[in-house]
Amino acid sequence: MAAGCCGVKKQKLSSSPPSGSGGGGGASSSSHCSGESQCRAGELGLGGAGTRLNGLGGLTGGGSGSGCTLSPPQGCGGGGGGGISLSPPPSCGVGTLLSTPAAATSSSPSSSSAASSSPGSRKMVVSAEMCCFCFDVLYCHLYGYQQPRTPRFTNEPYPLFVTWKIGRDKRLRGCIGTFSAMNLHSGLREYTLTSALKDSRFPPMTRDELPRLFCSVSLLTNFEDVCDYLDWEVGVHGIRIEFINEKGSKRTATYLPEVAKEQGWDHIQTIDSLLRKGGYKAPITNEFRKTIKLTRYRSEKMTLSYAEYLAHRQHHHFQNGIGHPLPPYNHYS
C-alpha cells in the first residue's frame, strides 16, 4: 500500500530495454519523491491460497520491501497462481468501468488531505472523520475500551486500504487493504486493526507508538480494463496487472496511484517493478509486457496525524458523542 520511501534504497529493475517504446506512451513523465512518501512501492504479488498481499509492498512475511498488504477478498482467488483474478469485459478500453461505488454525499476532505485526483466533479467521499474513526478503533483496542459507536460518515461499499506511518520521517508501520468492496463502517474497523496488528512485516502496535502515528485511508474507485499496458497516467492511476509467469501460473500485482510518482518511476519502470514484485523472474521484454492484462483505477486518500486526531476529537467530542473516554494524554490540556 504505500509508496516508495525516501531514504530506502530504490529497487533495481532488471529488464531488457523496451523496443521502440520510450517510458511514456503519451502519458506524463515521472516525478520524484517529495520527501513525504514512506512505504516502499508496493504490489500485490499474490502467492498461494491464503497468502496475504501487499498493496504497496511485497508479500507479507516473505517479500522484500515495505508496503501495504492486501488481504485477498473471499471468492476472488484465481486458479494456478492463487492471486486475485479479474475477468475483463468482452472488450477492453477506456471507459470500461469495472467497479465504481455510487457517489455518496459526505463531508469534504480537510486541508490535511492527501487525496489523489478524483474524476469529474463528483464530491469526495473520503474524509478526516474516517481517519479519526480508525484512530478511535485502534485507541480503544490498545486501551481495552469498548469499541467506538457507529460513525456518521457514509456506509457505502468501497475497496479500501488503511495505512499507518510513524515518526517524523513517516516510516511505514502497517498497511493492509482489500479490492473487495466493503461497507465503510465495518471495513475501516476491520482493516484498522488488521493493518496495525497483523501486518506480518511489523510487530503489533503498542500504546507508546500512538502519539507518533499517521493514519491514511484510501478508497479505490473507477476500475477500468485497458488494452495497452501504457494507457494510464503516473500520479493519477493505480494499476493492477495480471500475467502468466515463467512457470505458467497466473499472478497479479498492484501499486496504488501515488507509488510510481513517489518512486520517480516512468511507465516501463513501474510495470517492470510490478512484474518483479509479482514474482516474475525471467528477462522482461517488450513483447512480454504486451501480454499483460492491466486494470487502472483511481483513489481518494486522506491522511491525519495523531495530533490532528486529538484536536479534531477535542473539538467534536460532545457533538459526536464518541463512545469512549478521550485519550489520557496531556495533548488535550
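The paragraphs below set out a description of the structure included in this document. (Residues numbered from 1 in each chain as written. Predicted model: local features only at pLDDT ≥ 70, side-chain atom pairs only at ≥ 80, totals over all residues. Heavy atoms only, no water.)

## A word on the overall build of the protein
Step number 1: The secondary structure content of the protein amounts to 6 helices and 9 strands.
Step number 2: As presented, the protein carries roughly 13,600 Å² of accessible surface, and 51% of it is formed by carbon and sulfur atoms. (Helix = DSSP H or I, 4+ residues; strand = E, 2+ residues; numbered from the N terminus. Areas by Shrake-Rupley, 256 points an atom, 1.4 Å probe, with all protein chains shown as cover.)

## A short note on unusual backbone geometry
Step number 1: Unusually for a residue other than glycine, Lys170 sits at a positive phi of about 50 degrees.
Step number 2: Checked against the element boundaries, Lys170 lands in the loop between strand S4 (157-166) and strand S5 (171-183).
Step number 3: The phi angle at Asn222 is positive, at roughly 55 degrees, despite the residue not being glycine.
Step number 4: By the element assignment, Asn222 lies in strand S6 (residues 213-226).
Step number 5: Residue classification places Asn222 among the buried positions, given a relative accessible area of 17%. (Buried < 20%, exposed > 50% of the residue type's maximum accessible area, 1.4 Å probe, protein only.)

## Let's talk about the pattern of salt bridges
Step number 1: Using the criterion set out here, one finds 12 salt bridges in the structure.
Step number 2: Note that Arg173 is salt-bridged to Glu209, the shortest N-O span being 2.7 Å. Taken together, the positions of Arg173 in strand S5 and Glu209 in the loop between helix H2 (184-197) and S6 put the pair 36 residues apart, joining distant regions of the chain. One exposure class covers both Arg173 and Glu209, and it is buried.
Step number 3: Of the charged contacts in the structure, one is a salt bridge between Glu242 and Lys293, with a shortest N-O distance of 3.9 Å. Pair noted here: Glu242 is in strand S7 (residues 238-244) and Lys293 is in strand S9 (residues 293-305), with a separation of 51 residues, a long-range link.
Step number 4: In this structure Lys293 comes out as partly exposed when scored by relative accessible area, which is 44%.
Step number 5: Overlapping salt bridges, with partners in common, bring together Glu129, Asp136 and Arg313 in one network. (Salt bridge = Lys/Arg side-chain N within 4 Å of Asp/Glu carboxyl O.)

## Description of the environment of Glu190
Step number 1: Here Glu190 shows up in helix H2.
Step number 2: Spatially, the C-alpha atom of Glu190 lies 9.4 Å from that of Cys134, the residues being 56 residues apart in sequence.

## A closer look at the environment of Thr150
Step number 1: Locating Thr150 in the fold gives a position in the loop between helix H1 (128-143) and S4.
Step number 2: With 35 residues separating them along the chain, Thr150 and His185 place their C-alpha atoms 7.0 Å apart.

## Describing the pairing of S9
Step number 1: The element S9 is largely enclosed, with a buried count of 11 among its 13 residues.
Step number 2: Of the strand pairs in this sheet, S6 and S9 are connected by 11 bridges, and their pairing is antiparallel. By the bridge assignment for S9, Val217 is matched with Met302.
Step number 3: Sheet topology note: the S7/S9 ladder contains 5 bridges and is antiparallel. Bridge assignment links Glu242 to a residue of S9, and that residue is Lys293. (Pairing = 2+ DSSP bridges.)

## As for empty space enclosed by the protein
It is the rolling of a water-molecule-sized probe over the atoms that shows where space remains empty.
Step number 1: Under the criterion given, the structure shown has 1 cavity of 30 Å³ or more.
Step number 2: Of the volumes computed, that of the largest cavity is approximately 40 Å³.
Step number 3: Around the largest cavity sit Trp232, Glu233, Val234, Gly235, His237, Gly238, Ile239, Tyr255, Leu256, Pro257, Ala260 and Thr270, which together line it.
Step number 4: The set of elements that each furnish at least two residues to the lining of the largest cavity consists of S7 and helix H3 (257-263).
Step number 5: Looking at the lining of the largest cavity, its residues break down into 7 nonpolar, 4 polar and 1 charged. (1 Å grid on protein atoms, 1.4 Å probe; cavity = no way out; pocket = protein on both sides within 12 Å on 5 of 7 lines; lining within 4 Å. Points joined across faces, edges and corners; volume = space filled by probe spheres on them. Nonpolar A, V, L, I, M, F, W, Y, C, P; charged D, E, K, R; others polar.)

## A closer look at the nonpolar core
Step number 1: Residues Met130, Trp164, Leu188 and Leu219 are the most contacted members of the largest nonpolar core, which totals 38 residues.
Step number 2: Elements that contribute at least two residues to this core include exactly H1, S4, S5, H2, S6, S9 and helix H6 (306-320).
Step number 3: The greatest single-element share of this core, amounting to 11 residues, is contributed by H1.
Step number 4: Look past the residues within four positions of Met130 in its chain and what remains in contact with it is Val125, Phe153, Thr154, Leu184, Leu188, Val217 and Leu219.
Step number 5: Counting residues in hydrophobic clusters, the runner-up holds 31 residues, among them Leu172, Leu230, Ile241 and Ile271. (Core = buried A, V, L, I, M, F, W, Y, C linked by side-chain atoms within 4.5 Å. Contact = heavy atoms within 4.5 Å.)

## A short note on H1
Step number 1: For H1, spanning 16 residues, the distance from its first C-alpha to its last is 22 Å, which sits close to the expected 22 Å at 1.5 Å a residue.
Step number 2: The element H1 is extensively covered by neighbouring structure, given that 14 of its 16 residues are classed as buried.
Step number 3: Taken from the residues just after H1, Gly144 is the one with a positive phi, measuring 75 degrees. (Expected span 1.5 Å × (residues − 1).)

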